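Residues per chain, in single letters:
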Amino acid sequence: MPGTPTSESFANILGKHSWVRRLYIWLTNHLVLKSITIRQEVLRWSLKRKGATHVLDAGFGFGQLMSMFINRHQCFNVMGIDKNSRMVADATAFFKEKNINNMYFRTADAQVFKQPDAFDLCLCINLLNYIEDDTKMLCNMFESLRKPGMLFIFNSSNYMDERDRRLREGTHGDMVYREGYSVTDIKKKLMDAGFTRIKARYSYGKPGMWSWRLTTGWPTWMIKKSSVFYFILPLYVVICIPVILVLNYMDTHTQHKEGKCIVVKAFK
């Protein structure tokens with residue numbers, strides 16, 4: 001996950017207070033449209049499987065998506081990799097404190113990481129824009145999967161407008177190598193990497209983008225302006241929850257001809 005002064009400040013809070021990390025994970029899983037979409041797709045796919053599933057989460061960041069695997073520890077073994085060693089140390093300490101033993105974290109560069117035929121599921125969440133050689137990374141993901149494994153991608157699309165681009169730059173400060181992908185573009189890249197069956201669709205239409213602004217864009221921008229907003233954040237969340245839930249429902253129950261994000265499932 002890209003690192004910024006804002007994310008480092010937030011990491012300090014999560015590292016010092018495990019209850020804050022638990023609250024953050026709960027809020028993102030229930031309010032952030034991205035997390036809701038990923039959980040639905042991954043758990044729906046896992047229902048068709050038997051036996052243990054080995055998962056790679058590339059660029060896991062604050063580890064908020066890991067919670068979907070905790071209560072099903074008999075079914076999932078998860079490796080999270082991230083270039084940020086602080087993220088790795090904090091996640092390791094948090095899950096060790098909770099005596100959760102099916103999670104393993106290590107410092108590694110997702111662009112060059114490869115472990116042939118090791119995983120049944122690879123997660124690539126909001127990562128491709130920050131990878132200089134995205135083709136190489138997708139090829140490495142393909143080699144790391146064993147048949148009939150799935151690569152799940154959630155990424156920004158080529159429909160991001162200038163206003164939302166400025167908000168995203170407030171969220172992630174690292175170098176952006178590309179703005180986003182169309183469904184056609186990502187399908188071609190995945191086929192070139194070796195994937196044979198690919199399902200891709202747009203997410204984050206108009207309702208989803210308003211939800212993103214309320215849950216991620218505006219809070220991050222305001223925290224970047226002043227750390228005082230950390231104290232206002234709980235009240236802000238309570239006020240916004242009803243609106244966010246309605247917007248998320250509208251977005252997940254709509255077929256989008258275009259959207260600010262893409263949801264991709266590619267099979268080996």
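Thresholds applied
Residues numbered from 1 in each chain as written. Predicted model: local features only at pLDDT ≥ 70, side-chain atom pairs only at ≥ 80, totals over all residues. Heavy atoms only, no water. Helix = DSSP H or I, 4+ residues; strand = E, 2+ residues; numbered from the N terminus. Buried < 20%, exposed > 50% of the residue type's maximum accessible area, 1.4 Å probe, protein only. Contact = heavy atoms within 4.5 Å. Phe/Tyr/Trp six-rings, centres within 6.5 Å; stacked < 30°, edge-to-face > 60°. Lys NZ or Arg CZ within 6 Å of the ring centre and 35° of its normal. Salt bridge = Lys/Arg side-chain N within 4 Å of Asp/Glu carboxyl O. Expected span 1.5 Å × (residues − 1). Core = buried A, V, L, I, M, F, W, Y, C linked by side-chain atoms within 4.5 Å. Pairing = 2+ DSSP bridges. Axes fitted to C-alpha atoms, helices over the stretch in contact; angles between N-to-C directions. Right-handed = clockwise from strand over helix to strand, strands pointing away.

Visitor: Explanation requested: the overall build of the chain in the structure shown.
Guide: Check the secondary structure of the chain and you find 10 helices and seven strands. Across the 268 residues that make up the chain, the buried fraction comes to 55%. Residue pairs in contact within the chain that sit at least 24 positions apart in sequence constitute 79% of those at least 6 positions apart.

Visitor: So what exactly am I meant to see when it comes to the packing of aromatic side chains here?
Guide: Ring pairs (aromatic) are described by centroid distance and by the angle formed between their planes. Going through the model one piece at a time under the given rule, you end up with nine aromatic pairs. Between phenylalanine 94 and phenylalanine 95, the aromatic rings sit 5.2 Å apart at their centres with planes inclined by 85 degrees, giving edge-to-face as the arrangement. Phenylalanine 95 matches phenylalanine 94 in its accessibility class, with the two residues each being buried. An aromatic cluster of at least three residues, connected via ring pairs, comprises Phe60, Phe94, Phe95 and Phe105. Above the ring of phenylalanine 142, the side-chain terminus of lysine 268 is found at 4.8 Å from the ring centroid.

Visitor: Honestly, the pattern of salt bridges in this entry has me stumped. Any pointers?
Guide: Two side chains carrying opposite charge are able to pair once their charged atoms lie near each other. As enumerated under the stated definition, the model contains 12 salt bridges in all. Between glutamate 41 and arginine 44 there is a salt bridge whose closest N-O contact spans 3.5 Å. You can see glutamate 41 and its partner arginine 44 sitting in helix H3 (residues 33–46), three residues apart, about one turn around the helix. The salt bridge partner of aspartate 90 is arginine 86, with a shortest N-O separation of 2.7 Å. Of this pair, aspartate 90 and arginine 86 both sit in helix H5 (residues 85–97), four residues apart, which is roughly one turn of the helix. Take aspartate 90: its relative accessible area is 15%, and that puts it in the buried class. In this structure arginine 86 comes out as partly exposed when scored by relative accessible area, which is 27%.

Visitor: I'm lost on H3 in this one. Help?
Guide: For an α-helix the count is 3.6 residues per turn, leaving residues at separations of three or four pointing the same way. An ideal rise of 1.5 Å per residue puts 20 Å on 14 residues; H3 measures up with 20 Å between its terminal C-alpha atoms. Where burial is concerned, most of H3 is hidden: 10 out of the 14 residues are buried. Among the residues making up H3, those that are buried are Leu33, Lys34, Ser35, Ile36, Thr37, Ile38, Glu41, Val42, Trp45 and Ser46.

Visitor: Whenever I open this one, the nonpolar core confuses me. Can you help?
Guide: Core analysis: the biggest nonpolar cluster contains 36 residues, and Phe69 and Phe152 have the highest contact counts within it. Per element, the largest residue contribution to this core is five residues, and it comes from H5. If you look at the next biggest cluster of nonpolar residues, it comprises 32 residues, including Ala108, Tyr181, Val183 and Ala193.

Visitor: In this structure, what is going on with the sheet that holds strand E1 (residues 53–58)? I would like to understand it.
Guide: Sheet strands line up and pair through hydrogen bonds in the backbone, either parallel or antiparallel. Strands sit in the order E3-E2-E1-E4-E5-E7-E6 across an open sheet of seven strands; the sheet is mixed. Where the open sheet ends on each side, the last strands, each with one partner, are strand E3 (103–107) and strand E6 (197–203). Taking each pair of neighbouring strands and ignoring which way they run, the sheet shows an average axis angle of 15 degrees. Across the sheet, helix H6 (residues 134–144) lies against E1, strand E4 (119–125) and strand E5 (145–156), angled at about 145 degrees from E5, the strand it touches most. Sitting on the sheet, helix H8 (residues 183–193) touches E5, E6 and strand E7 (261–267), and the angle it makes with E6 is about 155 degrees.

Visitor: Explain the pairing of E3 to me, please; I cannot follow it from the model alone.
Guide: For a regular strand, the rule is simple: side chains alternate between the two faces of the sheet. Where strand E2 (residues 76–82) and E3 come together, five bridges link them in parallel fashion. What sits directly across from methionine 79, in E3, is tyrosine 104. With H5 bridging E2 and the parallel E3, this β-α-β connection has right-handed handedness.

What is shown is where atoms sit, not what they do.
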